[in-house]
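Summary of structural features
Given next are the chains, with one letter for each unit.
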2 protein chains.
Amino acid sequence: MQNKPAIILVTPQMGENIGAAARAMANFGLTDLRLINPRDGWPNELAIRNGSGAFDHVKTQIFENFEGAIADLQTVYATTARPRDLNKRVYNPAQAIEKSAGKTGIVFGAERTGLLNEHIAQCNAVITFETNPDFSSLNLGQAVLLVASQMQNNSNQEQHLDFAQQSEIKNLSDRLIQELETAQFFREDNLRPKIEENIRNLLSRAHLSESETKMLHGIITALTKQKAD
Amino acid sequence: MQNKPAIILVTPQMGENIGAAARAMANFGLTDLRLINPRDGWPNELAIRNGSGAFDHVKTQIFENFEGAIADLQTVYATTARPRDLNKRVYNPAQAIEKSAGKTGIVFGAERTGLLNEHIAQCNAVITFETNPDFSSLNLGQAVLLVASQMQNNSNQEQHLDFAQQSEIKNLSDRLIQELETAQFFREDNLRPKIEENIRNLLSRAHLSESETKMLHGIITALTKQKAD
């Protein structure tokens, strides 16, 4: 997804939850919050307070109806606690973010009642949270958090470590095997190829850094040197 | 991952947060909560109350130290707010759950202080939450929720290897360090803690199987035995 989704709250009741939603958004860099007829009006002191500064990062717009709030969007998802029989595709949050295209909005219903079927009908697909049927207690702020946090899965973040070159790994493996040869570690000749493979496998899989490679050379030297004393 | 991960809270301070963590777990079917020295003891009334019934679904165990809490686990992840320079792989929650294998635990530090480097060194990899650098306000319950909710995205990624338990890794590290002590490897006393941490870090990160652990014991024996000859 190129665009960060808008978060749309339909007739939210409690200011605290609007603040929690804004916080969840700001944590993951979402900035477009749309409120449809918030019960206590806007601005809302409880929302601002519970937002802990999130509204400095999140732009809030107020709409009078559902159609207005989603008018400019290209993909709209409805969130529901349980899948309903609405003949819509049902995604989990990760799938939804992956499949969304263009300017996207994600719609959350009021705290107790959730979304009306007439709203869901206007959405492209449904997002559900596959919670435990025996214990399901996600509140509005947490539901927004679970969607917003999917933004972090969009980026590639393999951290770059100072990995040793393969030739250095080979040198290390070769040296260790040579030292083991000297120490008569390979007592049974027919086991040697398998053990050697295991050692090379392990040292490759460990994904050693250059300094770790040096440390291991030092360790081999230390463990073997006393025989020369 | 076949097994649902254990959630491990290191010296959690506030009962409310323990309750929120349990709620997050129960929502996504996690049942193994491990508390290391909770500040206010256990059971904790605030935790139970804020759990809203979650403790009927979550089994809680108390541990006196980190080693005990992770002893039976095969994959252990440390969660940190920001990547630190610890030479560990860094995953987001989705990647971590996907790559975990065997009995898994996910470790969360205390509310203000987070995890100590000595704890992180004993983990296989690090999970970070890629929050907005300009607004980052995840609390402990939310962090647990972001990990626990990955269970819903986790249909089937089984990759079963015969991983060693953490207690076996600790034995191996302890033995190697002891042998290096004997071999006078730690020439400068002030460098010893760092080298020791690097060794533990490397052996944890390598994610050794049981047979590899045995092989490494055999290698240490072979390399050191000749001094006794």
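Quick notes on the rules
- Residues numbered from 1 in each chain as written.
- Chains lettered and ligands numbered in written order.
- Predicted model: local features only at pLDDT ≥ 70, side-chain atom pairs only at ≥ 80, totals over all residues.
- Heavy atoms only, no water.
- Phe/Tyr/Trp six-rings, centres within 6.5 Å; stacked < 30°, edge-to-face > 60°.
- Buried < 20%, exposed > 50% of the residue type's maximum accessible area, 1.4 Å probe, protein only.
- Helix = DSSP H or I, 4+ residues; strand = E, 2+ residues; numbered from the N terminus.
- Lys NZ or Arg CZ within 6 Å of the ring centre and 35° of its normal.
- 1 Å grid on protein atoms, 1.4 Å probe; cavity = no way out; pocket = protein on both sides within 12 Å on 5 of 7 lines; lining within 4 Å.
- Points joined across faces, edges and corners; volume = space filled by probe spheres on them.
- Nonpolar A, V, L, I, M, F, W, Y, C, P; charged D, E, K, R; others polar.
- Contact = heavy atoms within 4.5 Å.
- Buried area = accessible area lost by both parts, 1.4 Å probe.
- Salt bridge = Lys/Arg side-chain N within 4 Å of Asp/Glu carboxyl O.
- Polar contact = N/O pair within 3.5 Å; in protein donor to acceptor, adjacent residues only side chain to side chain.
- Axes fitted to C-alpha atoms, helices over the stretch in contact; angles between N-to-C directions.
- Left-handed = near helix turned anticlockwise from the far one by under 90°.
- Core = buried A, V, L, I, M, F, W, Y, C linked by side-chain atoms within 4.5 Å.
- Pairing = 2+ DSSP bridges.

1. Considering the packing of aromatic side chains
- As enumerated under the stated definition, the model contains 6 aromatic pairs over all chains in all.
- Ring centres of Phe185(A) and Phe186(A) lie 5.5 Å apart, and the angle between their planes is 75 degrees; this geometry places the pair in the edge-to-face category.
- The exposure class assigned to Phe185(A) is buried, which follows from its relative accessible area of 14%.
- Residue class for Phe186(A) comes out buried when judged on its relative accessible area of 10%.
- Ring plane angle 55 degrees and centroid distance 5.6 Å describe the contact between Trp42(B) and Phe55(B), whose orientation is recorded as tilted. With Trp42(B) in the loop between β2 (32-36) and α2 (45-51) and Phe55(B) in the loop between α2 and β3 (59-63), the pair connects residues that are 13 residues apart, well separated along the chain.
- A relative accessible area of 17% means that Phe55(B) is categorised as buried.
- Over the ring of Phe186(A) we find Arg192(A); its NZ or CZ atom is 4.7 Å from the centre of that ring.

2. Details of the layout of surface pockets
All names here are of chain A.
- Empty space within the largest pocket amounts to approximately 530 Å³.
- Taken together, 23 residues line the largest pocket, and the ones lying closest to its centre are Ala81, Ala110, Glu111, Leu138 and Asn139.
- Of all the secondary structure elements, the ones that give two or more residues to the lining of the largest pocket are β4 (75-80) and α6 (140-148).
- A breakdown of the residues in the lining of the largest pocket according to their chemical character gives 9 nonpolar, 10 polar and 4 charged.

3. Remarks on the interface of chain A and chain B
- At the interface, 63 residues of chain A touch 63 residues of chain B.
- Of the roughly 5300 Å² buried between chain A and chain B, counting both surfaces, carbon and sulfur atoms make up 56%.
- Taken together, the connections running from chain A to chain B amount to 0 salt bridges.
- At the surface where chain A touches chain B, the tally comes to 9 residue pairs in polar contact (both at pLDDT 80 or more).
- Going through the elements one at a time, α1 (15-27), α4 (93-99), α6, α7 (166-182), α8 (192-205) and α9 (210-225) of chain A are the ones with two or more residues in the side of chain A that touches chain B.
- Considering each element in turn, the side of chain A that touches chain B owes the most residues, 9 residues, to α9(A).
- Residues belonging to the side of chain A that touches chain B are distributed by class as follows: 26 nonpolar, 28 polar and 9 charged.

4. Details of unusual backbone geometry
- Residue Trp42(A) is joined to Pro43(A) through a cis peptide bond whose omega torsion reads 0 degrees.
- One non-glycine residue, Thr11(B), lies in the positive phi region at around 40 degrees.
- Counting through the fold element by element, Thr11(B) comes out in the loop between β1 (6-10) and α1 (15-27).

5. Remarks on the packing of α7(A) against α8(A)
Residues and elements named next belong to chain A.
- Running from N to C, α7 and α8 point in directions that differ by 145 degrees, and their axes come no closer than 10 Å. In this structure, α7 crosses over α8, and the sense of that crossing is right-handed. Along its contact with α7, which presents Ile169, Lys170, Leu172, Ser173, Asp174, Leu176, Ile177, Leu180 and Glu181, the element α8 presents Arg192, Glu196, Ile199, Arg200, Leu203 and Ser204.
- The residue makeup of the contact of α7 with α8, split by class, is 7 nonpolar, 2 polar and 6 charged.

6. Remarks on the nonpolar core
- Ranked by size, the top nonpolar core spans 68 residues in total, and within it Ile7(A), Leu9(A), Phe108(A), Leu9(B) and Phe108(B) carry the most contacts.
- With sequence-adjacent residues up to four places away left out, Phe108(A) is seen in contact with Ile7(A), Ile8(A), Leu9(A), Val10(A), Thr79(A), Leu115(A), Phe129(A), Leu140(A), Ala143(A), Val144(A) and Val147(A).
- Among the nonpolar cores identified, the runner-up in size contains 41 residues, and Leu176(A), Ile220(A), Leu172(B) and Leu176(B) belong to it.

7. Notes on the sheet that holds strand β5 (residues 90-91) of chain A
Residue and element names in this part refer to chain A.
- With respect to topology, 7 strands assemble into an open sheet ordered β3-β2-β1-β6-β4-β7-β5, the strand pairing being parallel. Unpaired on one side and paired on the other, β3 (59-63) and β5 mark the two borders of the sheet.
- Pairing analysis gives 4 bridges linking strand β1 (residues 6-10) to strand β2 (residues 32-36), with the strands arranged parallel. Directly across from Ile7, in β2, lies its bridge partner Leu33.
- Where α1 meets the sheet, it contacts β1 and β2, and its direction lies at approximately 160 degrees from that of β2.
- Contacts between α6 and the sheet are confined to β1 and β6 (104-108), with β6 contributing the most and set at about 155 degrees to the helix.

8. Things to note about the environment of Leu46(A)
All names here are of chain A.
- Following the sequence through the fold, Leu46 ends up in helix α2 (residues 45-51).
- Sequence separation between Leu46 and Pro12 is 34 residues; the distance between their C-alpha atoms is 13 Å.
- Those residues within four positions of Leu46 in sequence are excluded, and the remaining contacts are Gly15 and Glu16.

9. Examining the sheet that holds strand β7 (residues 125-128) of chain B
All names here are of chain B.
- Strand order in the open sheet made by the 7 strands is β3-β2-β1-β6-β4-β7-β5, with parallel pairing throughout. Where the open sheet ends on each side, the last strands, each with one partner, are β3 and β5 (90-91).
- Bridging between β5 and β7 involves 2 bridges; their strand directions are parallel. Looking at the pairing, Val90 lines up with Val126 of β7.
- Sheet strands touched by α1: β1 and β2. Its angle to β2, the strand with the most contacts, is close to 160 degrees.
- Here helix α6 (residues 140-148) sits on the sheet in contact with β1 and β6 (104-108), set at roughly 155 degrees to β6.

10. Considering empty space enclosed by the protein
- Applying the stated rule across the entire model yields 5 cavities of 30 Å³ or more.
- Its boundaries defined by the atoms lining it, the largest cavity holds a volume of some 380 Å³.
- Looking at the largest cavity, it is lined by 24 residues, and the ones nearest its centre are Leu203(A), Leu216(A), Leu176(B), Leu203(B) and Leu216(B).
- Taken together, the elements giving at least two residues each to the lining of the largest cavity come down to α7, α8 and α9 of chain A together with α7 (166-182), α8 (192-205) and α9 (210-225) of chain B.
- Estimates place the volume of the second largest cavity at around 50 Å³.

None of the figures reported here should be taken as evidence of function without further support.
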